[in-house]
Amino acid sequence: RKEVEQDPGPFNVPEGATVAFNCTYSNSASQSFFWYRQDCRKEPKLLMSVYSSGNEDGRFTAQLNRASQYISLLIRDSKLSDSATYLCVVNIGRGSYIPTFGRGTSLIVHP
Amino acid sequence: SAVISQKPSRDICQRGTSLTIQCQVDSQVTMMFWYRQQPGQSLTLIATANQGSEATYESGFVIDKFPISRPNLTFSTLTVSNMSPEDSSIYLCSVQDSTDTQYFGPGTRLTVL
């Protein structure tokens, strides 16, 4: 089993839709959690950190469920510009904390 | 946030040759990483570049193939040695700040013929 798993999609949604991605992790000794966004042929960029209490940034909401070992990302009112690959990142404790990436979930928002 | 530059941005190389990729950060950072991203795939961690000591390699990656230098807290190099077409990929360096947030360089796109 991979340490960090994501549904690769693609998720194909119309503008204005709400879409949710999940990411599961296998190592309970995981310290910190993030969602990154990667546009085609570009490097990943931080979208948001994920806190235990959940956090929101505009149309984006991230949640962490430690008991079930998953994090989620909810995007409301999707825009065409949201089309990208969304990467789940978990810092896994292996001596030191090593960032481990999921394979990414592709989102396509169409008119 | 950190600003990271990588050189070269892309290269086309012949099999059997080696390429050294440079990563420069605009501030001192403790944690620096090298990743590989093959077409349509996610990022795979190659190694953690440790300042003043040998890099820590992930399973499947060895020092002879991917030697790494980290002479100070703002600079690192990754060499892809004795290249084959299977090494064609994007190579990315990243740094991690005190909040565990990572910042990535723009990547080096390598094609091996």
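That block above? That's the structure.
The numbering scheme is per chain: residues are counted from 1 as the chain's sequence reads. Each chain is given a letter, starting from A, and each ligand a number, starting from 1, according to the order in which they appear as written. Given that this is a predicted model, residues contribute local features only at a pLDDT of at least 70 and side-chain atom pairs are listed and counted only at 80 or more, while totals for whole chains, interfaces and linings are drawn from all residues. With hydrogens and water excluded, all non-hydrogen atoms of the structure serve as input to the side-chain values.

### Quick notes on the overall build of chain B
Piece 1. A tally of helices and strands in chain B yields 0 helices and 11 strands.
Piece 2. Scanning chain B from its N terminus toward the C terminus, one meets helices and strands in the order β-β-β-β-β-β-β-β-β-β-β.
Piece 3. Whereas a compact globule of 113 residues would reach a radius of gyration of roughly 13 Å, chain B reaches 13 Å, a difference of no more than 12%.
Piece 4. Dimensions of chain B along its principal axes, counting C-alpha atoms only, are 40 × 25 × 20 Å.
Piece 5. Burial status follows relative accessibility: with a 1.4 Å probe on protein chains alone, a residue under 20% of its type maximum counts as buried, one over 50% as exposed, and anything between as partly exposed. With 113 residues in all, chain B has 50% of them scored as buried.
Piece 6. In these tables, accessible area is a Shrake-Rupley quantity obtained with a 1.4 Å probe, and a residue counts as shielded only by the protein chains included in the view. Here chain B displays about 5,300 Å² of accessible surface, and carbon together with sulfur accounts for 49% of that area.
Piece 7. Neither His nor the chain termini are counted; the positive set is Lys and Arg, and the negative set is Asp and Glu. Taken as the charge centre is NZ of Lys, CZ of Arg, CG of Asp or CD of Glu, depending on the residue. Distance between charge centroids for chain B: 10 Å, based on 7 positive and 9 negative side chains. Helix and strand assignments come from DSSP, with helices taken as H or I runs of at least 4 residues and strands as E runs of at least 2, each series counted from the N terminus. Taken over C-alpha atoms, the radius of gyration is set against a globule rule of 2.2 Å times the number of residues to the power 0.38.

### Side note on the interface of chain B and chain A
Piece 1. Contact definition: two residues touch when any of their heavy atoms are within 4.5 Å. Across the boundary between the two partners, chain B contributes 20 residues, which contact 20 residues of chain A.
Piece 2. A per-residue breakdown of the area chain B buries against chain A is headed by Ser42(B), Asp100(B) and Phe104(B), which together make up 30% of the total.
Piece 3. A pair is scored as a salt bridge if a Lys or Arg side-chain nitrogen falls within 4 Å of a carboxyl oxygen belonging to Asp or Glu. Counting across the chain B and chain A interface gives 0 salt bridges.
Piece 4. In protein, a polar contact requires one atom able to donate a hydrogen and another able to accept it; more generally it is a pair of N or O atoms within 3.5 Å, and residues adjacent in sequence count only if both atoms are side-chain atoms. On the surface where chain B and chain A come into contact, there are 5 residue pairs in polar contact (both at pLDDT 80 or more).
Piece 5. Contributing elements (two or more residues each) for the side of chain B that touches chain A: strand 4 (31–37), strand 5 (43–49), strand 9 (89–96) and strand 10 (102–104) of chain B.
Piece 6. Among the elements that make up the side of chain B that touches chain A, the one with the highest residue count is strand 4 of chain B (4 residues).
Piece 7. In the scheme used here, Gly and all other residues not listed as nonpolar or charged are polar, with Ala, Val, Leu, Ile, Met, Phe, Trp, Tyr, Cys and Pro taken as nonpolar and Asp, Glu, Lys and Arg as charged. For the side of chain B that touches chain A, the per-class residue count stands at 8 nonpolar, 8 polar and 4 charged. Joining two parts hides part of their accessible area as seen by a 1.4 Å probe, and the buried area is that hidden amount summed over both.

### Here's the deal with the pairing of strand 4 of chain B
Residue and element names in this part refer to chain B.
Piece 1. Among the 7 residues that make up strand 4, 6 are buried, leaving the element largely enclosed by the rest of the structure.
Piece 2. Bridge count for strand 4 against strand 9 is 7 bridges, and the pairing is antiparallel. From the neighbouring strand, arginine 36 faces strand 9, where its bridge partner is tyrosine 91.
Piece 3. Paired strands, as defined in this entry, are two strands with at least two bridges between them according to DSSP. Pairing between strand 4 and strand 5: 6 bridges, direction antiparallel. The partner of arginine 36 across the bridge, within strand 5, is threonine 44.
Piece 4. Connecting the antiparallel pair strand 4 and strand 5 is a turn made up of 5 residues, with glycine 40 showing a positive phi of about 75°.

### A word on the state of the cysteines
Piece 1. Whenever a pair of cysteine sulfur atoms sits within 2.5 Å, that pair is classed as a disulfide. Scanning the model with the defined rule gives 2 disulfides over all chains in all.
Piece 2. Sulfur-sulfur distance for the disulfide between Cys23(A) and Cys88(A) comes to 1.9 Å. Judged by the sign of its S-S torsion, about -65°, the bond between Cys23(A) and Cys88(A) is left-handed. Pair noted here: Cys23(A) is in strand 3 (residues 19–25) and Cys88(A) is in strand 9 (residues 84–94), with a separation of 65 residues, a long-range link. The same class applies to Cys23(A) as to Cys88(A), namely buried.
Piece 3. Here Cys23(B) is linked by a disulfide to Cys93(B), with a sulfur-sulfur distance of 1.9 Å. Handedness here is read from the sign of the S-S torsion; for Cys23(B) and Cys93(B), about 70°, the answer is right-handed.

### Section: the sheet that holds strand 6 (residues 55–57) of chain A
All names here are of chain A.
Piece 1. Here we have 5 strands laid out as an open sheet, ordered 1-3-8-7-6, and antiparallel in their pairing. On the outer flanks of this sheet lie strand 1 (4–6) and strand 6, each paired with one strand and no other. Averaged over all neighbouring strand pairs, the angle between strand axes comes to 15°, with direction disregarded.
Piece 2. As defined by bridge partners, strand 1 adjoins strand 3 across 3 bridges and the pair is classed as antiparallel. Looking at strand 3, one finds that valine 4 is bridged to tyrosine 25. For helices, the fitted line uses only the C-alpha atoms of the stretch in contact; every axis is such a line through C-alpha atoms, and the angle between N-to-C directions lies from 0 to 180 degrees.

### Let's talk about the sheet that holds strand 1 (residues 4–7) of chain B
All names here are of chain B.
Piece 1. Read from one edge of the open sheet, 4 strands run 1-3-8-7, paired in antiparallel fashion. A single partner strand is all that each edge strand has here, and the edge strands are strand 1 and strand 7 (68–72). Shown here is a sheet whose adjacent strand axes are inclined to one another by a mean of 15°, direction ignored.
Piece 2. As judged from the 6 bridges shared by strand 3 (residues 19–25) and strand 8 (residues 75–80), these two strands associate in the antiparallel manner. Considered in strand 8, the bridge of glutamine 22 is made with threonine 77.

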